[in-house]
Amino acid sequence: MPLYVYEEVLPDGSGGDRFEILQSISAPALEVHPETGLPVRRCLTSAAISRPWSAQSDSTKLSDRNLDKMGFTKYVKGKNGYEKTCGDGPDIIRK
């Protein structure tokens with residue numbers, strides 16, 4: 001179900017407090033606030049898209065396997081310097 005944003009309509013026609021509500025896409029737009037009974041209108045907002053910019057996508061793109069496949073070398077700071085976790089570079093980069 002989509003998450004819709006509504007705002008209260010003040011007596012002068014300007015927008016008041018905003019709130020979000022989950023509604024079926026086929027449900028009619030609300031005309032009054034479900035708790036206060038004040039008049040409301042639906043706001044236009046950008047869509048929330050989870051792919052390809054999600055945290056899950058980032059972790060997949062930055063995985064050792066994917067970095068190695070793309071030709072990168074990844075190092076992680078260790079006790080003796082920076083140690084290689086993937087790629088073709090030297091095994092250790094000392095401080």
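Worth saying up front: this structure is predicted, and the values here are computed from it rather than measured.

## Thoughts on the pattern of salt bridges
Going through the model one piece at a time under the given rule, you end up with four salt bridges. Of the charged contacts in the structure, one is a salt bridge between Arg18 and Glu7, with a shortest N-O distance of 3.4 Å. Separated by eleven residues along the polypeptide, Arg18 in strand 2 (residues 15-22) and Glu7 in strand 1 (residues 3-9) bring together distant segments of the chain. Look at Arg18 and you get exposed, because its relative accessible area is 55%. The partner of Asp91 in a salt bridge is Lys84, and the shortest N-O contact between them spans 3.2 Å.

## Section: the side chain of Gln23
Looking at the element boundaries, Gln23 is found in the loop between strand 2 and strand 3 (40-42). Since its relative accessible area comes to 8%, Gln23 is described here as buried. At 3.3 Å, the side chain of Gln23 and the backbone oxygen of Pro28 are in polar contact. If we ignore the near neighbours within four places in the chain, the residues touching Gln23 are Met1, Pro2, Tyr4, Tyr6, Pro28, Leu30 and Arg42.

## A look at the packing of aromatic side chains
A full pass over the atoms with the stated rule returns one aromatic pair. A centroid spacing of 5.7 Å and a plane angle of 15° characterise the contact between Tyr6 and Phe19, whose relative ring orientation is stacked. Taken together, the residues span a long stretch of sequence, with Tyr6 in strand 1 and Phe19 in strand 2 at a distance of 13 residues. Arg42 extends its terminal NZ or CZ atom over the ring of Tyr4, reaching a point 3.9 Å from the ring centre.

Calculation criteria
Residues numbered from 1 in each chain as written. Predicted model: local features only at pLDDT ≥ 70, side-chain atom pairs only at ≥ 80, totals over all residues. Heavy atoms only, no water. Salt bridge = Lys/Arg side-chain N within 4 Å of Asp/Glu carboxyl O. Helix = DSSP H or I, 4+ residues; strand = E, 2+ residues; numbered from the N terminus. Buried < 20%, exposed > 50% of the residue type's maximum accessible area, 1.4 Å probe, protein only. Polar contact = N/O pair within 3.5 Å; in protein donor to acceptor, adjacent residues only side chain to side chain. Contact = heavy atoms within 4.5 Å. Phe/Tyr/Trp six-rings, centres within 6.5 Å; stacked < 30°, edge-to-face > 60°. Lys NZ or Arg CZ within 6 Å of the ring centre and 35° of its normal.

Coordinates in, geometry out; function isn't part of it.
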